[in-house]
Amino acid sequence: IASAYEQRYGVAVELQYAGSNTLLNQLQVNKFAEGDLYIAADDFYTDKAVAEGLAAETIPIAHQRPVVAVRRDNAKSIETLADLLQPGVAVAVGNPEQAAIGKTVRKQLEAIAVENSNRWVQLEQQVTAEGVFKPTVNEIANDVKIGAVDAAIVWDSTVAMPKYKEDLIAVPLPELYVDP
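Please read these numbers as outputs of a predicted model, since none were measured by experiment.

## Points about the pairing of strand S1 (residues 66-71)
Here comes step 1: Taken across its six residues, S1 has five buried, putting it largely inside the fold.
Here comes step 2: The pairing of S1 with strand S6 (residues 151-155) spans four bridges and is classified as antiparallel. Opposite Pro 66, over in S6, you have Trp 155 as the bridge partner.

## Considering helix H7 (residues 137-145)
Here comes step 1: Within the sequence span of H7, burial applies to Val 137, Ile 140, Ala 141, Asp 143 and Val 144. One side of H7 holds all its buried residues, which, seen down the axis, span an arc of 155°.
Here comes step 2: Following H7 by one or two positions, Gly 147 adopts a phi angle in the positive range, close to 85°.

## Observations concerning the environment of Asp 47
Here comes step 1: As for its position among the elements, Asp 47 is in helix H3 (residues 43-51).
Here comes step 2: When its relative accessible area of 45% is taken as the criterion, Asp 47 is described as partly exposed.
Here comes step 3: Each C-alpha atom, one on Asp 47 and one on Glu 57, is 8.7 Å from the other, the two residues being ten residues apart in sequence.

## Remarks on the pattern of salt bridges
Here comes step 1: Evaluation of the coordinates by the stated rule reveals four salt bridges.
Here comes step 2: A salt bridge links Lys 134 to Asp 143, with the nearest nitrogen and oxygen atoms 2.9 Å apart.
Here comes step 3: Judged by its relative accessible area of 22%, Lys 134 is partly exposed.
Here comes step 4: Residue classification places Asp 143 among the buried positions, given a relative accessible area of 8%.

## As for the side chain of Thr 46
Here comes step 1: Among the secondary structure elements, Thr 46 is positioned in helix H3.
Here comes step 2: In this structure the side chain of Thr 46 is engaged in a polar contact, spanning 3.1 Å, whose partner is the backbone oxygen of Asp 43.
Here comes step 3: Leaving out residues up to four positions away in the same chain, Thr 46 has contacts with Tyr 38, Ala 40 and Thr 58.

Criteria and cut-off values
- Residues numbered from 1 in each chain as written.
- Predicted model: local features only at pLDDT ≥ 70, side-chain atom pairs only at ≥ 80, totals over all residues.
- Heavy atoms only, no water.
- Buried < 20%, exposed > 50% of the residue type's maximum accessible area, 1.4 Å probe, protein only.
- Helix = DSSP H or I, 4+ residues; strand = E, 2+ residues; numbered from the N terminus.
- Pairing = 2+ DSSP bridges.
- Arc of directions from axis to C-beta.
- Salt bridge = Lys/Arg side-chain N within 4 Å of Asp/Glu carboxyl O.
- Polar contact = N/O pair within 3.5 Å; in protein donor to acceptor, adjacent residues only side chain to side chain.
- Contact = heavy atoms within 4.5 Å.

Shown next as structure tokens:
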């Protein structure tokens, strides 16, 4: 899209990739000095940008769902949320303070009560013990691709990207589903 825009209008497009919150923080600091378009992975961030006067409007361009990304061989046979919580399973999750995927996963799993806790607390403990939190969805998808972790919770659109679609598959989990 950026390349087509450059060709059509003769305007150079400079892309900057980062977690939704990181990009929003840059908008807050720069106050439009460097950004013309802000594309976030979650409505929370675009709504916040409008509320803070950093964006004039929001226009939905796509819907995406959280899924579990695993390598094609899915060596640990991960098919359920319970599978992610098993000892010896290394899981990567986007940091909920930096990445929209992390914020979405935390919100969905906090709503699922178990005993005196919730599914988010369980996943957070698993990731802390055997996995990793990272600031962007691409970083955690890369971790699965190179075998640094067994699984990661990413967007379905991430698994479909050319750099991942040959190596990763998406395992849908109903607990992660968010209505668009």
